[in-house]
Amino acid sequence: MTVEILVNLLGLGAISGIIWWFWVAPKRPHAEAVAVEEKLRIHVRGGVYEPDRVRIKAGESATLHFIREDPTPCAEWVLFPDLEVSAQLAVNEETTVRLPASEVGEYSFHCQMQMYRGTLVVE
Ligand SMILES: [Cu+2]
């Protein structure tokens, strides 16, 4: 008899615990998301960088991933003259370009002939 009551009480406790957990418990604010670095992919095709405007944070180095789909020599290099960064892009591959921590501003990047053009927004 007492065992049955105990089992019932335990069951009741479990049920109310579940109800409490799902419906009653105060909703805690989500912990601040860990800054998972969004992977910045830039496609190089058809004469344009996609996207051609890229935002990164000031004072932090950043990594861009260029995917060159244009095999013409025009698209071969990407230059960030203000940051003194340049990279040779492999066709149909992802080329990682590391950018140094920079001050707030807008920096242009382009191919060696300046036909492909983009803007790096540091904010
Ligand atoms: Cu070019």
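Note: the structure precedes this text.
As the structure is a computational prediction, the values presented were derived from the model and not from experiment.

J.: Could you give an account of the overall build of the protein chain, with specific residues and numbers?
T.: Scanning the protein chain from terminus to terminus reveals one helix and nine strands. Taken from the N to the C terminus, the helices and strands of the protein chain come in the order α-β-β-β-β-β-β-β-β-β. Counting only residues that meet the buried cut, the protein chain has 28% of its 123 residues in that class. Of the contacts formed within the protein chain by residues at least 6 apart in sequence, a portion of 59% connects residues at least 24 apart. Total accessible area on the protein chain stands at roughly 8600 Å², and carbon and sulfur atoms take up 60% of it.

J.: Break down the sheet that holds strand β4 (residues 62-68) for me, citing the residues and quoting the values.
T.: Here we have four strands laid out as an open sheet, ordered β2-β1-β4-β7, and mixed in their pairing. Sheet topology places β2 (48-50) and β7 (94-99) at the edges, where each strand pairs with a single neighbour. Neighbouring strand axes in the sheet, compared pairwise and without regard to direction, differ in orientation by 30° on average. Note: strand β1 (residues 40-45) against β2, three bridges, orientation antiparallel. The partner of R45 across the bridge, within β2, is V48.

J.: Explain the pairing of strand β5 (residues 77-80) to me, and be specific about the residues and the numbers.
T.: Of the two faces of β5, the one lined by V78 and F80 is fully buried and the one lined by W77 and L79 carries no buried residue. One ladder, built from four bridges, connects β5 with strand β6 (residues 85-88); its direction is antiparallel. Residue L79 lies in a different strand from β6, and its bridge partner there is S86. The turn linking β5 back onto β6 is made up of four residues, and E84 within it adopts a positive phi angle of 55°.

J.: Account for the coordination of the copper ion, with residues named and values stated.
T.: In this structure, C74 (O), C74 (SG) and C111 (SG) serve as the protein donors to the copper ion, at separations of 2.1 to 2.6 Å. With C74 in the loop between β4 and β5 and C111 in the loop between β8 (105-110) and β9 (117-122), the pair connects residues that are 37 residues apart, well separated along the chain. Note on C111: relative accessible area 0%, which makes it buried.

J.: Got a sec to walk through the packing of aromatic side chains? Specific residues and values, please.
T.: Applying the stated rule across the entire model yields six aromatic pairs. Both rings, one in F80 and one in F109, keep their centres 4.9 Å apart while their planes meet at 20°; by these two values the pair is stacked. Placement of the pair is F80 in strand β5 and F109 in strand β8, with a sequence separation of 29 residues. Three or more aromatic residues joined by ring pairs form one cluster here, namely Y49, F66, F80, F109 and Y116.

Criteria and cut-off values
Residues numbered from 1 in each chain as written. Predicted model: local features only at pLDDT ≥ 70, side-chain atom pairs only at ≥ 80, totals over all residues. Heavy atoms only, no water. Helix = DSSP H or I, 4+ residues; strand = E, 2+ residues; numbered from the N terminus. Buried < 20%, exposed > 50% of the residue type's maximum accessible area, 1.4 Å probe, protein only. Contact = heavy atoms within 4.5 Å. Areas by Shrake-Rupley, 256 points an atom, 1.4 Å probe, with all protein chains shown as cover. Pairing = 2+ DSSP bridges. Axes fitted to C-alpha atoms, helices over the stretch in contact; angles between N-to-C directions. Donors = N, O, S within 2.8 Å, 3.2 Å for Na, K, Ca; no water. Phe/Tyr/Trp six-rings, centres within 6.5 Å; stacked < 30°, edge-to-face > 60°.

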